[in-house]
Amino acid sequence: MKRLSSLLFALLLCATGFAQQALWGAAPVVSPEIHSDNTVTFRLKAPKAAKVQVTGDFLPTQKMKTPFGEFDGPGVADLVKGEGDVWEYTTTEALKPELYSYSFLVDDLKITDPSNVYQIRDVASVTNVFIIGGDRADLYRVNKVPHGTVSKIWYHSDALGLDRRLTVYTPAGYETSGKKYPVFYLLHGMGGDENAWSELGRTAQIMDNLIAQGKAEPMIVVMTNGNASQEAAPGESSLGFAQPSMNLPRTMEGSFETAFPEVVSFIDKTYRTKADKHHRAIAGLSMGGFHSLHISKQNPDMFDYVGLFSAAIMPNQGVKSAIYDDFEAKLKTQFDKKPALYWIAIGNKDFLYEANTAYRKLLDEKGYKYTYYETGEGHIWKNWRIYLTEFAPQLFK
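Reference entry: report on the structure contained in this document. Just so we're clear, the structure is a prediction, and the values are computed from it rather than from any experiment. For every chain, the first residue of the written sequence is number 1, and numbering continues from 1 along that sequence. Side-chain atom pairs in this predicted model are given and counted only at pLDDT of 80 or more, local residue features only at pLDDT of at least 70, and totals for whole chains, interfaces and linings cover all residues. Side-chain measures were taken over the full set of non-hydrogen atoms in the model, leaving aside hydrogen atoms and water.

Quick word on the environment of arginine 272
Helical segments are the DSSP runs of H or I of at least four residues, strand segments are the runs of E of at least two, and each set is numbered from the N terminus. Considering the arrangement of structural elements, one finds arginine 272 in the loop between helix H5 (255-270) and strand S17 (280-285). Remark: exposure states derive from per-residue accessible area (1.4 Å probe, protein chains only) relative to the maximum for the residue type, with buried under 20%, exposed over 50%, and partly exposed in between. Using a relative accessible area of 25% as the deciding quantity, one classes arginine 272 as partly exposed. Contacts were defined at the residue level, with two residues in contact if any of their heavy atoms lie within 4.5 Å. What arginine 272 contacts, discounting residues up to four positions off in sequence, is Tyr174, Ser177, Gly178, Lys179, Lys180, Tyr181 and Ile220. Reaching out from arginine 272, the side chain makes a polar contact with the backbone oxygen of lysine 179 at a distance of 2.7 Å. Identification of polar contacts relies on pairs of N or O atoms within 3.5 Å, with a donor-acceptor requirement for protein atoms, meaning one able to donate a hydrogen and the other able to accept it, and with residues adjacent in sequence counted only if both atoms are side-chain atoms.

Shown next as structure tokens:
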């Protein structure tokens, strides 16, 4: 009995030690440190490192080779080793207001910043994040305004033979207002999932702030999983902790577009919606823009507002699906019905820029009305957050 008591006492001491470490184990350095002039210092304690660098979207871009071609990627800057084996780098210029992501490279091994608990996943990459406030970036912050609700909702797809998950934003007051609301379907890009827009895109923060400022109508935002073979985001389905991947089956071959009316039907049955064309919008980035283009033309009486953010336009060669047949005829039907807004946005360095230019030329030749919005830079979340802040205020007016 005495021996058992001693063992229990030792276990209690061990547990207390771990608890104290969690409570009082402060990070050894401050990183990132945002200064009053909006320069930022990054620090990492790495006694045995020979080289430490920081890479992130706050740095000038550099050319990167990928399996999909050569693109502009995040730049790299060297940290300098200082007192106490702490490596340090301070930006040479003040950073503009924005949500930024970064990682460290320690002897070419990419790691997250152990001093910064704020991290985000994009497909299989995990990076740290920080915000420089002001201007548009204030829309990405949690401000003292009424807040909506973000829910993870499961539905059954007969067309895909799966139970699948959606992320749904309902505006502040939805639970008690008794009102019906318009619905905005917001779709992610290749490798993303139903978490992408709420986490990387800051959708809830953007919508809360735009609605509170009177710049956007209160609306329901439905963020789908556009990978027709998936139940839900990696690690949150019956597959367990499966490795996230961009190379998924059934993404841009017609399955998701075919099954999409089930999502609309489910949302109209589950939420208080204004269930008509004039009160529905659809938009997406990259693959999600591709889906938005083809879903909206396939269902010309379903959506009055369409947004293509850095969109892929046509399927890859060899893809066969009735969804993509008679493209121009279906497009004519859609535009003959005069959508309230057909909005195309892309960065001037985006690898899909030429495809979007060719698509706009087709629309121009046919006399189809659309709105075009161009930014700098390329195929990046910085642009897609901008497009959301520009597109959402134009809906349901």
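A closer look at helix H8 (residues 353-366)
Working rule for helices: expected span equals 1.5 Å times residues minus one. The terminal C-alpha atoms of H8, which comprises 14 residues, lie 20 Å apart, in line with the 20 Å expected from a rise of 1.5 Å per residue. When we look at burial in H8, the residues that qualify are Asn356, Tyr359, Arg360, Leu362 and Leu363. Relative to the axis of H8, the buried residues are bounded by an arc of 155° and lie together on one face. For H8, the exposed residues lying more than 90 degrees away from the buried face are Glu354, Lys361 and Glu365. At its buried positions, H8 is contacted by helix H6 (287-298), strand S18 (305-309), helix H7 (327-336), strand S19 (341-347) and strand S20 (371-375). Of the residues one or two after H8, glycine 367 is the one with positive phi, at around 75°. Directions pointing from the helix axis toward each C-beta atom define the arc.

Notes on the sheet that holds S17
Two strands pair if DSSP finds at least two bridges between them. The strand order across the open sheet formed by eight strands is S13-S14-S16-S15-S17-S18-S19-S20, and the pairing between neighbours is mixed. In the strand order of this sheet, the two ends are held by strand S13 (149-157) and S20, each with one partner. Ignoring which end each strand starts from, the neighbouring axes of this sheet average 20° apart. As paired elements, strand S15 (residues 183-187) and strand S16 (residues 220-223) share four bridges and run parallel to each other. Each residue of the ladder has a partner; that of leucine 186, found in S16, is methionine 223. Sheet strands in contact with H6 are S15, S17, S18 and S19, and its direction is about 145° off that of S17. Its contacts with the sheet put helix H9 (residues 381-391) on S15, S17, S18, S19 and S20, and the angle it makes with S19 is roughly 155°. Simply put, an axis is a line fit to the C-alpha atoms, just over the touching stretch for a helix, and the angle between two N-to-C directions goes from 0 to 180 degrees.

Side note on the sheet that holds strand S7 (residues 80-81)
The sheet built from four strands is open, its strands ordered S1-S2-S8-S7 with antiparallel pairing. In this open sheet, the two edge strands, each paired with only one partner strand, are strand S1 (33-34) and S7. Pairing analysis gives two bridges linking S1 to strand S2 (residues 40-45), with the strands arranged antiparallel. Along S2, the bridge assignment pairs glutamate 33 with threonine 41.

Points about the pattern of salt bridges
What counts as a salt bridge is simple: a side-chain nitrogen of Lys or Arg found within 4 Å of a carboxyl oxygen of Asp or Glu. Scanning the entire structure with this criterion turns up 16 salt bridges. Close ionic contact of arginine 43 with glutamate 33 constitutes a salt bridge, the shortest N to O distance being 2.8 Å. Of this pair, arginine 43 sits in strand S2 while glutamate 33 sits in strand S1, and the two are 10 residues apart along the sequence. Using a relative accessible area of 16% as the deciding quantity, one classes arginine 43 as buried. The partly exposed category is assigned to glutamate 33, whose relative accessible area is 28%.

Brief notes about the packing of helix H4 (residues 203-212) against H9
Helix packing for two helices is described by the angle between their axes and how far apart those axes are. Where H4 meets H9, the closest approach of the two axes is 10 Å, and the angle between their N-to-C directions is 30°. In terms of orientation, H4 and H9 fall into the roughly parallel class. The chirality of how H4 crosses H9 is right-handed. Here Thr203, Ile206 and Leu210 of H4 lie close against H9, whose contacting residues are Arg385, Leu388 and Thr389. Looking at the contact of H4 with H9, its residues break down into three nonpolar, two polar and one charged. Any angle that is under 35 degrees is reported as roughly parallel, and any over 145 degrees as roughly antiparallel; angles of 65 to 115 degrees are reported as roughly perpendicular and all others as oblique. In this scheme the crossing of two helices becomes right-handed for a clockwise turn of the near helix relative to the far one and left-handed for an anticlockwise turn of less than a right angle. Amino acids are sorted into nonpolar (Ala, Val, Leu, Ile, Met, Phe, Trp, Tyr, Cys and Pro), charged (Asp, Glu, Lys and Arg) and polar (every other residue, Gly among them).

With respect to the nonpolar core
Only buried residues count toward a nonpolar core. Its members are Ala, Val, Leu, Ile, Met, Phe, Trp, Tyr and Cys residues joined through side-chain atoms within 4.5 Å. In this structure, Tyr185, Phe260, Ile267, Leu331, Tyr342, Tyr359 and Leu363 are the most contacted members of the largest nonpolar core, which totals 40 residues. Isoleucine 267 has contacts with Leu166, Val168, Val183, Tyr185, Val222 and Thr273, leaving out every residue within four places of it along the chain. Formed by 39 residues, the second largest nonpolar core is a distinct cluster that contains Val129, Ala281, Ala283 and Phe391.

Some remarks on the packing of aromatic side chains
Centres within 6.5 Å are what make two rings of Phe, Tyr or Trp a pair, Trp counting through its six-membered ring; a difference in plane orientation under 30 degrees is then read as stacked, over 60 as edge-to-face, and the rest as tilted. The tally for this structure, following the rule as stated, stands at 30 aromatic pairs. A centroid spacing of 4.7 Å and a plane angle of 50° characterise the contact between phenylalanine 335 and tyrosine 342, whose relative ring orientation is tilted. Of the two residues examined, phenylalanine 335 and tyrosine 342, each falls in the buried class. One aromatic cluster in this structure is built from Phe184, Trp197, Phe309, Trp343, Tyr373, Trp381, Trp384, Tyr387 and Phe391. Geometrically, a lysine NZ or arginine CZ counts as sitting over a ring once it is within 6 Å of the ring centre and also within 35 degrees of the ring normal. One Lys or Arg, arginine 272, reaches over the ring of tyrosine 174 and ends 4.1 Å from the middle of that ring. Stacked on the ring of tyrosine 140, the Lys or Arg arginine 385 has its end atom at 5.5 Å from the ring centre.

So, the pairing of strand S3 (residues 52-56)
Counting buried positions along S3 yields five of five residues, so the element is predominantly enclosed. Residue alternation in S3 divides its side chains into two sets, Val52, Val54 and Gly56 and Gln53 and Thr55, and both sets are buried. As defined by bridge partners, S3 adjoins strand S9 (residues 98-106) across five bridges and the pair is classed as antiparallel. Looking across to S9, one finds that threonine 55 is bridged to serine 103. Bridging between S3 and strand S6 (residues 75-78) involves four bridges; their strand directions are antiparallel. Paired with valine 54 across the strands is alanine 77, a residue of S6.

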